[in-house]
Amino acid sequence: MKLARIGAHGQERPAVQAADGGWLDISAITEELDGAFLAGGGVAAVRERIDSLPPLTGPTDRFGPPVARPGKIVCIGLNYRDHAVEAGIPVPSEPVLFMKAPDTVVGPTDEILVPRRSAKTDYEVELAVVIGTTARYVDSPADALAHVAGYAVANDVSEREFQIERGGTWDKGKNSETFNPFGPWLVTADDVPDPRALALSLSVNGEVRQNGNTADMIFGVAEIIHYLSQFMVLYPGDVINTGTPAGVAMGMAEPKPYLKAGDLIEASITGLGSQRQTVGQA
């Protein structure tokens, strides 16, 4: 099942995709797709009533982020062996963690802004995992996927000078406005039988830069959730960005093709939809 928030910025309406590909209005069930909806059995309620839901009316040409107001966005760095190699960093023995603020989140077709004084803004297509039930000290990876509400496409936009060359933590290079395009929709976990069998791709101005598969992740979704839950509580509506494959601008030969105003980014994951963003200047 595909759930989405459709409409102008700040006016998104919750919807579910019908069998014919159209969108149905679920505002009679919930006013918002958020952590409370996921925790309160909202997905099951939509599934039970889908045959009686009315069509979504009004503009349907913009998708917002598929989850409103995520509590936190936890990111896994260097989770593809080939990406660690291109970054010149040893393959990690445990997941590398950093955080993105919820206010970095934008819709899948919203503009990405290169920060002021930036020369090294980069892209990273990633599988995003949305938590559906509270995960606290999960016993084992075998128990972890039961906490997943669904999956979506994310772009972990990064400023490499801020991230790597300015000292301190990575967070400076990860939290500029617009640095987490998310969506277009949330595909519920029952429709993604194997999160380690999804192809990811990203192109810039029509040139394919990233072409990977989640099978190549060092730490799979179940391992990541189990691991994170030992250090923090994961709540419904929280998002995990699970890492990116090789092909980022940072890993290419000089002159490295970092993003600039006017660039067009297209990113997709099998079964989870596609993003398309233009790049602007802050």
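Refer to the structure printed above.
Residues numbered from 1 in each chain as written. Predicted model: local features only at pLDDT ≥ 70, side-chain atom pairs only at ≥ 80, totals over all residues. Heavy atoms only, no water.

> Honestly, the environment of arginine 116 in this entry has me stumped. Any pointers?
Within the secondary structure layout, arginine 116 lies in the loop between strand E7 (112-114) and strand E8 (121-122). Between the C-alpha atoms of arginine 116 and serine 176, which are 60 residues apart in sequence, the distance is 9.9 Å. Every residue in contact with arginine 116, bar those within four places of it in the chain, is listed here: Phe162, Gln281 and Ala282. (Helix = DSSP H or I, 4+ residues; strand = E, 2+ residues; numbered from the N terminus. Contact = heavy atoms within 4.5 Å.)

> Explain the environment of asparagine 155 to me, please; I cannot follow it from the model alone.
As for its placement among the helices and strands, asparagine 155 is situated in strand E10 (residues 148-155). Put simply, asparagine 155 and proline 108 are 47 residues apart on the chain and 8.7 Å apart in space, counted from C-alpha to C-alpha. The contacts of asparagine 155, once residues within four sequence positions are left out, are Ile112, Tyr123, Glu124, Val125, Phe179, Asn180, Pro181, Leu202, Ile265, Gln275 and Gln277. Here the side chain of asparagine 155 touches glutamate 124 through a polar contact of 3.0 Å, landing on its backbone nitrogen. (Polar contact = N/O pair within 3.5 Å; in protein donor to acceptor, adjacent residues only side chain to side chain.)

> Just checking my understanding: could you explain the nonpolar core for this structure?
What tends to happen in soluble globular proteins is that the nonpolar side chains get buried as a cluster. Counting 51 residues, the largest nonpolar core has Ile225, Ile240 and Leu272 as the members making the most contacts within it. Listed by contribution, the elements that provide at least two residues to this core are strand E1 (2-6), strand E4 (73-77), E7, strand E9 (125-131), E10, strand E14 (199-204), helix H5 (221-229) and strand E17 (264-269). The greatest single-element share of this core, amounting to five residues, is contributed by H5. Residue contacts for leucine 272: discarding those within four places in its chain leaves Leu127, Tyr151, Ala152, Val153, Pro184, Trp185, Val187, Val192 and Leu198. Core analysis: the second largest hydrophobic core is formed by 25 residues, Ala18, Cys75, Val105 and Ala149 among them. (Core = buried A, V, L, I, M, F, W, Y, C linked by side-chain atoms within 4.5 Å. Buried < 20%, exposed > 50% of the residue type's maximum accessible area, 1.4 Å probe, protein only.)

> What is the right way to read helix H2 (residues 42-49) from this model?
Residues that lie three or four places apart on an α-helix share one face, since the helix turns once every 3.6 residues. All buried positions along H2 are accounted for by Gly42, Val43 and Val46. The buried residues of H2 occupy an angular sector of 105 degrees when projected down its axis, which confines them to one face. On its buried side, H2 packs onto E1, strand E2 (13-17), helix H1 (35-39) and strand E13 (186-188). (Arc of directions from axis to C-beta.)

> Would you mind showing me how to read the pattern of salt bridges here?
Oppositely charged side chains can form a pair if their charged atoms are brought close together. Applying the stated rule across the entire model yields 17 salt bridges. A salt bridge links arginine 5 to glutamate 12; its shortest N-O distance comes to 3.5 Å. Both residues of the pair, arginine 5 and glutamate 12, belong to the buried class. Between aspartate 238 and lysine 72 there is a salt bridge, with its nearest N and O atoms 2.7 Å apart. With aspartate 238 in the loop between H5 and strand E16 (239-241) and lysine 72 in the loop between H2 and E4, this residue pair connects regions lying 166 residues apart in the sequence. The burial state of aspartate 238 is the same as that of lysine 72; both residues are buried. (Salt bridge = Lys/Arg side-chain N within 4 Å of Asp/Glu carboxyl O.)

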